[in-house]
Amino acid sequence: MGHPHVGDPAPDFEVSTPEGETLRLSSLRGQVVVLAFVTSWCPFSKAEQPHLARLAHDFAGSEEVRVVIVDIDEEEQGYRKYLAQTEMGSPVYWNAAAEAVSAYVPPNAVPAITRKRWRVLVSANLVIDREGVIRFFTLTDTLRFDAEMRHVRAAIGDLVPGPT
Amino acid sequence: MTLRPYLLLVLALIGCGGSAASAPPLWTRPGFEGAVRPEMGPPQPGDAAPEIDLPIAGSDTDRYRLSARRGRWVVVHFTTTWCPFCDEEVEHLDRLAADYASRNVDTLLIDVLEERDRWRTYLEGRLPAGKLWALSDVDGGVARRYAPPRVAGAFEERAHVVLASTLVIDPDGIVRLFLLADSERFDPTFAAVRERLDELLAERSAGATPVDERQDDEVRSPAEVVTIAVSDPGPVVVGDRGELRVTLSIASGYHLMSNPPSKPNYIPTTLQLEAEGIQFGTPVFPPFTRFQLWDEVIDTLQGDATVGVPFQVSSDAAAGTRAVNCKVEYQACTEGSCLFPFTQVVSFSIQVAATI
């Protein structure tokens, strides 16, 4: 896929909600971070949404694991639609053209998508360890779609002892 | 990063080698990994194609009706304006339509669950060759009828299942090819569709009997692809240590996963033994067979694999016959698909002799 990939440091970024709540990824050093890129128009994001919400709820009280959800590639109307679909249990940040997280697009992934490369990130999921290194990174896989995010939970389990 | 192309919850259907008219599974052919599989349900190659009766984008009155086009080959692709994969494909499909129009082929691009105006606007300037039939499936009814029921179960809106998918329907209205979207090997140029279409057109014009694309229903049960035998350790004495040898005879063409497994979602082969008065240790597996699966290599068990299970007879065990239950859990797979995970229980006895 090219970099960044598993084993690489996760590029730092800052995102915010329209209400002004901001988050800088590097401030979460010391925690395991689940990073999910979502959007309201993608059926894969939609199918994953209740499972992502459950994941966020499961770790809501955790000091070890933090779930970061970033809505990308849509206008505010789409962002609001995503929020309205399911109670997520975690703030959903909004980055319309994914410019803040564009460093996450692996250059060789889905080379046939030539325009708006950030779309490659829609429905991507990552798990980042306490030192800020990417330990798990998947893009949308239409034929082997894991809506229930079992692999994400397994990746968390590799980094954090205890039931996931 | 790739995930293994296994449908873990689906029975494997194997193309039977016995009949001259059947072909190896299409999804094992490079470029055709997205081909629908029989267990997904209809429509499948060999089935009658569901009717398509939809308004044409460029006209207020005209409609395209599939049943009225008997005698022509029809390529069908489902799309939507917000899907990035679909967006890359439009110009390539326009060219495909032009290339094949003189060969008795209609090419349809069906917009799903969107208003007609949005579709018309989107298409402006994008179909220069002018041979593509752009149709509107506003309520998604046609897309839903083409969506196989037992795939992409996570999609509530079944019309979404067929986005960026392609079918080829023959002049008799029979489905001959159905490829689902494959994001991992995404090819916007329709190279595989062209390849298969060329084959089908050549077959028909040569008067060849078409190969039956229905995948044969030969279902192998997980129980029959693995036979388990346990070596008789002979009489053992109270306090003795020994090793049982459990041999898994795995049918040719199948493999079981290693323990530990090569991927977290694989079902490792495990053995659990119990018997009164006997403690069993951790099974010792033979060296695993490296197996090339698509673009990666995984560890497997194949052929005859003998697992050693250390045991110790308790020092206070009573003499006599001990019934031993050996539970072997495994998942048997071919290169293309997997059978259900399965547990076989083998029962046998060990003779415990009294201390001398």
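Going by the structure above, here's the rest.
Residues numbered from 1 in each chain as written. Chains lettered and ligands numbered in written order. Predicted model: local features only at pLDDT ≥ 70, side-chain atom pairs only at ≥ 80, totals over all residues. Heavy atoms only, no water.

Draft legend 1. Main features of the packing of aromatic side chains. Counted under the stated rule, the structure contains 14 aromatic pairs over all chains. Ring centres 5.9 Å apart and planes at 45° place the aromatic pair Trp41(A) and Trp82(B) in the tilted group. Here the residue Trp41(A) occupies a position in the loop between β3 (32-38) and α1 (43-58), and Trp82(B) occupies one in the loop between β3 (73-79) and α1 (84-101), the pair thus bridging two chains. For the residue pair Trp41(A) and Trp82(B), the accessibility class agrees, reading buried in each case. (Phe/Tyr/Trp six-rings, centres within 6.5 Å; stacked < 30°, edge-to-face > 60°. Helix = DSSP H or I, 4+ residues; strand = E, 2+ residues; numbered from the N terminus. Buried < 20%, exposed > 50% of the residue type's maximum accessible area, 1.4 Å probe, protein only.)

Draft legend 2. Quick peek at the packing of α1(B) against helix α4 (residues 191-205) of chain B. Residue and element names in this part refer to chain B. Where α1 meets α4, the closest approach of the two axes is 12 Å, and the angle between their N-to-C directions is 15°. Classified by the angle between their axes, α1 and α4 sit roughly parallel to one another. Relative to α4, α1 is oriented so that their crossing is right-handed. Residues Arg95, Leu96, Asp99 and Tyr100 of α1 touch α4, and the partners they reach there are Val193, Arg194, Leu197, Asp198 and Leu201. Tallied by class, the residues present in the contact of α1 with α4 amount to 5 nonpolar, no polar and 4 charged. (Axes fitted to C-alpha atoms, helices over the stretch in contact; angles between N-to-C directions. Parallel < 35°, antiparallel > 145°, perpendicular 65-115°, else oblique. Left-handed = near helix turned anticlockwise from the far one by under 90°. Contact = heavy atoms within 4.5 Å. Nonpolar A, V, L, I, M, F, W, Y, C, P; charged D, E, K, R; others polar.)

Draft legend 3. Summary view of the interface of chain B and chain A. Every contact between the two is made by 25 residues of chain B and, on the other side, 24 residues of chain A. Buried area between chain B and chain A, both sides added, is near 2200 Å², and the carbon and sulfur share of it is 65%. Where chain B packs against chain A, one counts 2 salt bridges. A salt bridge links Arg144(A) to Glu184(B); its shortest N-O distance comes to 2.8 Å. Across the contact surface, chain B and chain A share 6 residue pairs in polar contact (both at pLDDT 80 or more). (Buried area = accessible area lost by both parts, 1.4 Å probe. Salt bridge = Lys/Arg side-chain N within 4 Å of Asp/Glu carboxyl O. Polar contact = N/O pair within 3.5 Å; in protein donor to acceptor, adjacent residues only side chain to side chain.)

Draft legend 4. Geometry of the side chain of Glu114(B). Residues and elements named next belong to chain B. Relative to the assigned elements, Glu114 resides in the loop between β4 (105-112) and α2 (116-123). Classification of Glu114 by relative accessible area gives buried; the value is 6%. Within the local environment of Glu114, its side chain forms a polar contact with the side chain of Arg118, the two groups lying 3.1 Å apart. If sequence neighbours within four positions are ignored, Glu114 has contacts with Thr80, Thr81, Trp82 and Val138.

Draft legend 5. How the structure looks around the packing of α1(A) against helix α3 (residues 150-159) of chain A. All names here are of chain A. Orientation of α1 relative to α3, taken along the N-to-C sense of each, is 25°, at an axis distance of 11 Å. One finds that α1 runs roughly parallel with respect to α3. Mapping the contact onto sequence places Arg54, Leu55 and Asp58 in α1 and Val152, Arg153 and Ile156 in α3.

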